[in-house]
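Coordinate inspection notes
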Amino acid sequence: MQKEDLWLHSICEMCKGDCGILVHRVDGVVVDIKGDPDCPNSLGKICAKGYAGIMSLYDPNRVQTPMKRTNPEKGLGIDPGWRPVSWDEALDILEEKLAKIRNEDPRRLVVSSISGGEGAEAVWTAAFGTPNNAWAGYYCGQYLHSSMYLTNGSFHCDFDADNIKYLILFGNQAGFMAGLNPNITSQKVAKARKKGLKIVAVDPIGTHAAAKADEWVPIRPGTDSALALAMINVLLNDLEIYDREFIKRRTNGPYLVKPDGLYIRQDGKPLVWDEVGGKSVPYDAEVKDYTIKGTYTIDGIECRPAFELLREHARKYTPEMAEEITTVPAATIRRLAEEFGREARIGSTVLVDGIELPYRPVAVNIYRGAGAHKHGVSAALCTQILNMIVGSFYVP
């Protein structure tokens, strides 16, 4: 006789999307999984991998206990001789090895985690006696997180899928059932495309995103920075398309830089030039109008705004130069920059809940395909600069 028949709310952990699911359990056995319509992270949808969660749960080869290697010899084709052990035995092994290290020199212990030494592991390692606890193991996104922290103070940057009209994906398949929160992002991007969103996929490979995008731009692997820098050059120097107010008030573009590449400071604060007042003041002073161009002499030192230096630096990256490096035609580079700048609609506004906000419905978004190279941080910083130029940060 059937004793139990329940639908349980849970989340799918087949990837980091964590979609909401409803699990059908009958007499202690899971017989079905479906999307939870009440979950805002997935809106009732799950992918094939999510449906396969039952297979993972009841896989006969699923590891359910600690495993101990019994064959010390290592190498290709050599059986490690794993055998299941109890948690008590596993903890005894750990205790023995850690005690030996702590007695000899606790600093020999290195703790690596995805959180980079924060929280519980910081307390534990301090008590153990090792300072080596801040080794963040971002195996998938070392380039991404460092560049986003530098430019945005956050772990990751995403695009406003509800309002976007023009999206450039660098080595990225966001919106095509890949990346972070793939389920909800794909649903939102599909709706946005029905409303006119254009997607450009920059990728050496004809991925799902490249195959389904409005335009696929094949590129030589690892050369994304050159393409982005050429687009920056076109926007800043050829077309002069950039959001002046955003650069003045939301970036370090007005900060005055000395010939040695460092900010000129007063009481430790970077200085800017007040165009109306005609003098240099600390960046956080009451400034009527920041300047982002020109040369200014302060205490006998010639200084220039950081934005002016960026424009000068970008001039060397012509579309023709980038074509030789990337294989992307110079005409295509110019067109992409012009489309991106035009679609940013700099100066336009929109009402959201009665509040008038800048409206910048464009984004450049990078992910692992473009970042998993030795210059990945540079590539990510370049894409962030493209977004900054048109002011598409924290606005619809």
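Up top you'll find the structure we're talking about.
The structure presented is a predicted model; accordingly, all values stated were derived computationally and were not measured.

The 4 strands lie next to each other as E10-E9-E8-E19, forming an open sheet whose pairing is parallel. The open sheet has two edge strands, strand E10 (215-217) and strand E19 (362-366), and neither has a second partner. Across the sheet, the mean angle from the axis of one strand to that of its neighbour is 15°, orientation sign disregarded. Where strand E9 (residues 198-202) and E10 come together, 3 bridges link them in parallel fashion. Bridging from a neighbouring strand, Val-200 pairs with Glu-215 of E10. Docked against the sheet, helix H8 (residues 224-238) engages strand E8 (166-170) and E9, running at close to 150° with respect to E8.

Looking only at helix H10 (residues 306-314), the buried set comprises Ala-306, Phe-307, Glu-308, Arg-311 and Ala-314. Check the buried side of H10 and you find it contacts H8, helix H9 (244-250), strand E11 (256-257) and strand E16 (301-305).

Quick look at the nonpolar core now. Core analysis: the largest hydrophobic core is formed by 43 residues, its most contacted members being Ile-168, Phe-170, Val-202, Met-231, Phe-340, Ile-366 and Leu-386. Secondary-structure elements contributing two or more residues to this core are helix H5 (142-152), E8, E9, H8, H10, helix H12 (330-343), E19 and helix H14 (376-390). Broken down by element, this core gets its largest block of residues, 9 residues, from H8. If we ignore the near neighbours within four places in the chain, the residues touching Val-202 are Ile-168, Leu-169, Phe-170, Gly-171, Val-217, Ile-219, Asp-224 and Leu-227. In this structure, Phe-159, Ala-192, Ile-199 and Ala-213 belong to the second largest nonpolar core, which totals 16 residues.

Our focus in this paragraph is the side chain of Gln-187. Of note, Gln-187 is situated in helix H6 (residues 182-194). When near neighbours in sequence (up to four residues on either side) are disregarded, Gln-187 contacts Ser-42, Leu-43 and Lys-45.

On any regular strand, side chains alternate: one points to one face of the sheet, the next to the other face. Here strand E13 (residues 269-274) lies mainly inside the structure; 5 of its 6 residues are buried. Looking at chain direction, strand E12 (residues 265-266) and E13 are connected through 2 bridges and run antiparallel. Looking at E13, one finds that Arg-265 is bridged to Pro-270. Hairpin remark: E12 followed by E13, antiparallel, with 2 residues in the connecting loop; positive phi at Asp-267, about 55°. Examined bridge by bridge, E13 and strand E14 (residues 279-282) share 4 bridges and lie antiparallel to one another. Along E14, the bridge assignment pairs Asp-274 with Lys-279. Linking E13 to E14, which pair antiparallel, is a turn of 4 residues; within it Gly-278 sits at a positive phi near 65°.

The next thing to look at is H8. Its 15 residues give H8 an end-to-end C-alpha distance of 20 Å, which sits within 8% of 21 Å, the value for a rise of 1.5 Å per residue. In terms of burial, H8 is a largely internal element, 14 of the 15 residues being buried. Glu-240 sits one or two residues past H8 and shows a positive phi near 50°.

With that settled, consider a negative patch on the surface. Taken together, the side chains of Asp-88, Asp-92, Glu-95 and Glu-96 define an acidic patch exposed on the protein surface. Following the sequence through the fold, Glu-96 ends up in helix H3 (residues 87-104). The class for Glu-96 is exposed, based on a relative accessible area of 59%.

Right, let's talk about the pattern of salt bridges for a bit. Inspection of the entire model under this criterion finds 24 salt bridges. Note that Glu-339 is salt-bridged to Lys-198, the shortest N-O span being 3.2 Å. With a gap of 141 residues between them, Glu-339 in helix H12 and Lys-198 in strand E9 connect regions that are remote in the sequence. Judged by its relative accessible area of 11%, Glu-339 falls in the buried class. According to the relative accessible area criterion, Lys-198 is partly exposed, its value standing at 23%. The closest approach of N and O atoms between Glu-338 and Arg-342, which form a salt bridge, is 2.7 Å. Here Glu-338 pairs with Arg-342, and both are found in helix H12, just 4 residues apart, close to one helical turn. Overall, Glu-338 belongs to the partly exposed group, its relative accessible area being 28%. Of the residues examined, Arg-342 reaches a relative accessible area of 45% and is grouped as partly exposed. Through salt bridges that share partners, Glu-240, Arg-304, Glu-308, Arg-311 and Glu-312 make up one connected network.

On to the state of the cysteines, then. Scanning all chains against the criterion turns up 0 disulfides. With no disulfide of its own, Cys-15 lies closest to Cys-19 among cysteine sulfurs, the gap being 6.2 Å.

Conventions adopted
- Residues numbered from 1 in each chain as written.
- Predicted model: local features only at pLDDT ≥ 70, side-chain atom pairs only at ≥ 80, totals over all residues.
- Heavy atoms only, no water.
- Pairing = 2+ DSSP bridges.
- Helix = DSSP H or I, 4+ residues; strand = E, 2+ residues; numbered from the N terminus.
- Axes fitted to C-alpha atoms, helices over the stretch in contact; angles between N-to-C directions.
- Contact = heavy atoms within 4.5 Å.
- Buried < 20%, exposed > 50% of the residue type's maximum accessible area, 1.4 Å probe, protein only.
- Core = buried A, V, L, I, M, F, W, Y, C linked by side-chain atoms within 4.5 Å.
- Expected span 1.5 Å × (residues − 1).
- Patch = residues over 30% accessible without salt bridge, like charges linked within 9 Å, V, L, I, M, F, W, Y side chains within 5 Å.
- Areas by Shrake-Rupley, 256 points an atom, 1.4 Å probe, with all protein chains shown as cover.
- Salt bridge = Lys/Arg side-chain N within 4 Å of Asp/Glu carboxyl O.
- Lys, Arg positive; Asp, Glu negative; His and termini not counted.
- Charge placed at Lys NZ, Arg CZ, Asp CG, Glu CD.
- Disulfide = S-S within 2.5 Å.

Nothing here speaks to function; it is geometry throughout.
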